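Examination of the molecular architecture
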Amino acid sequence: KSQEDMQRFKQSTAFASVRDFILSLNDSCKNKKIGDQGQLSAACSSTISVLRTLSQWVDEVPPIQQPMRYGNKAFRDWFDKAEAGMHSLVEEMLPAPLKPAAREVAPYLLHSLGNKTRIDYGTGHENCFVFFLTALAQIGFFVPEDAESLALGVFWEYLQLARKLQLQYKLEPAGSHGCWSLDDYQFIPFMWGSAQ
């Protein structure tokens, strides 16, 4: 968590992989609208299905009545449910040869949904979702031809879930930078949106 750590990370293969993934999805959605992605691959469809299941679980765990500005404690119950089911959800969406990877990639998806202790959500959580997608692309679950669908379909579905969590449980912005930031919760939509 020091400047030296950040410099080491910026020179790592992991950093290059994530950066290149983000840029390839950015290129794929140039001059296109949400919904222009055409036919979804089985991999993109199954990922969207997982996100929709997580969204349905939000409906099953209503916010509790409590005085608050931010941080409805029912989020912790929802997060527990998501944590308990995450490995199975991810494993089920992967083809047989890739199922062992669920153990490695499921935590990225889980931590893309906010922080249970602080009851917050921010761009770091959004990055976890990008890491999740990058890891799946690295192991061959997604192929280069999925880029447009990932940017315009899968990521859009993730944003719908993230916004639902933010509104339903009044998640506090994590690490807000106020007027120095484009948005308290998201960053990638501004980048890919400018490409669109």
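Structure's up top.
Residues numbered from 1 in each chain as written. Predicted model: local features only at pLDDT ≥ 70, side-chain atom pairs only at ≥ 80, totals over all residues. Heavy atoms only, no water.

Some thoughts on the pattern of salt bridges
This model, assessed by the stated rule, comprises nine salt bridges. Salt-bridge contacts for Arg8 lead to Asp5; the nearest nitrogen and oxygen are separated by 2.4 Å. With Arg8 and Asp5 both in helix α1 (residues 3–10), this residue pair falls three residues apart, about one helical turn. The class of Arg8 is exposed, set by a relative accessible area of 52%. In this structure, Lys81 and Glu60 form a salt bridge, with 3.2 Å as the shortest nitrogen-oxygen distance. Placement of the pair is Lys81 in helix α4 (residues 74–93) and Glu60 in helix α3 (residues 42–60), with a sequence separation of 21 residues. Residue classification places Lys81 among the partly exposed residues on the basis of a relative accessible area of 32%. (Salt bridge = Lys/Arg side-chain N within 4 Å of Asp/Glu carboxyl O. Helix = DSSP H or I, 4+ residues; strand = E, 2+ residues; numbered from the N terminus. Buried < 20%, exposed > 50% of the residue type's maximum accessible area, 1.4 Å probe, protein only.)

Description of the nonpolar core
In terms of nonpolar packing, the biggest core is built from 57 residues, with Leu54 and Trp78 touching the most fellow members. For this core, the secondary structure elements donating two or more residues are α2 (13–28), α3, α4, α5 (102–110), α6 (123–138), α7 (147–168) and α8 (188–195). Take this core: its biggest share by element is eleven residues, from α7. For Leu54, the contacting residues outside a window of four places in its chain are Trp78, Ala82, Met86, Leu89, Leu109, Leu113 and Leu161. (Core = buried A, V, L, I, M, F, W, Y, C linked by side-chain atoms within 4.5 Å. Contact = heavy atoms within 4.5 Å.)

Some points on the state of the cysteines
In this structure the tally under the stated criterion is zero disulfides. As a non-bridged cysteine, Cys44 has Cys29 as the owner of its nearest cysteine sulfur, 13 Å distant. Judged by its relative accessible area of 0%, Cys44 is buried. Between Cys128, a cysteine without a disulfide, and Cys44, which holds the nearest cysteine sulfur, the sulfur-to-sulfur distance is 20 Å. Residue classification places Cys128 among the buried residues on the basis of a relative accessible area of 17%. (Disulfide = S-S within 2.5 Å.)

Examining the packing of aromatic side chains
Tallying each qualifying case throughout the model produces ten aromatic pairs. A ring pair is formed by Phe129 and Phe155, whose centres lie 6.1 Å apart and whose planes are at 50°; its orientation type is tilted. Of this pair, Phe129 sits in helix α6 while Phe155 sits in helix α7, and the two are 26 residues apart along the sequence. The same class applies to Phe129 as to Phe155, namely buried. Taken together, Phe75, Trp78, Phe79 and Tyr169 form an aromatic cluster joined through their ring pairs. The cationic tip of Lys81 hangs over the ring face of Trp57; the distance from NZ or CZ to the ring centre is 5.3 Å. (Phe/Tyr/Trp six-rings, centres within 6.5 Å; stacked < 30°, edge-to-face > 60°. Lys NZ or Arg CZ within 6 Å of the ring centre and 35° of its normal.)

Brief notes about the environment of Glu145
Turning to its location among the elements, Glu145 is positioned in the loop between α6 and α7. Considering only alpha carbons, one finds Glu145 and Ser41, 104 residues apart in sequence, at a separation of 8.9 Å.

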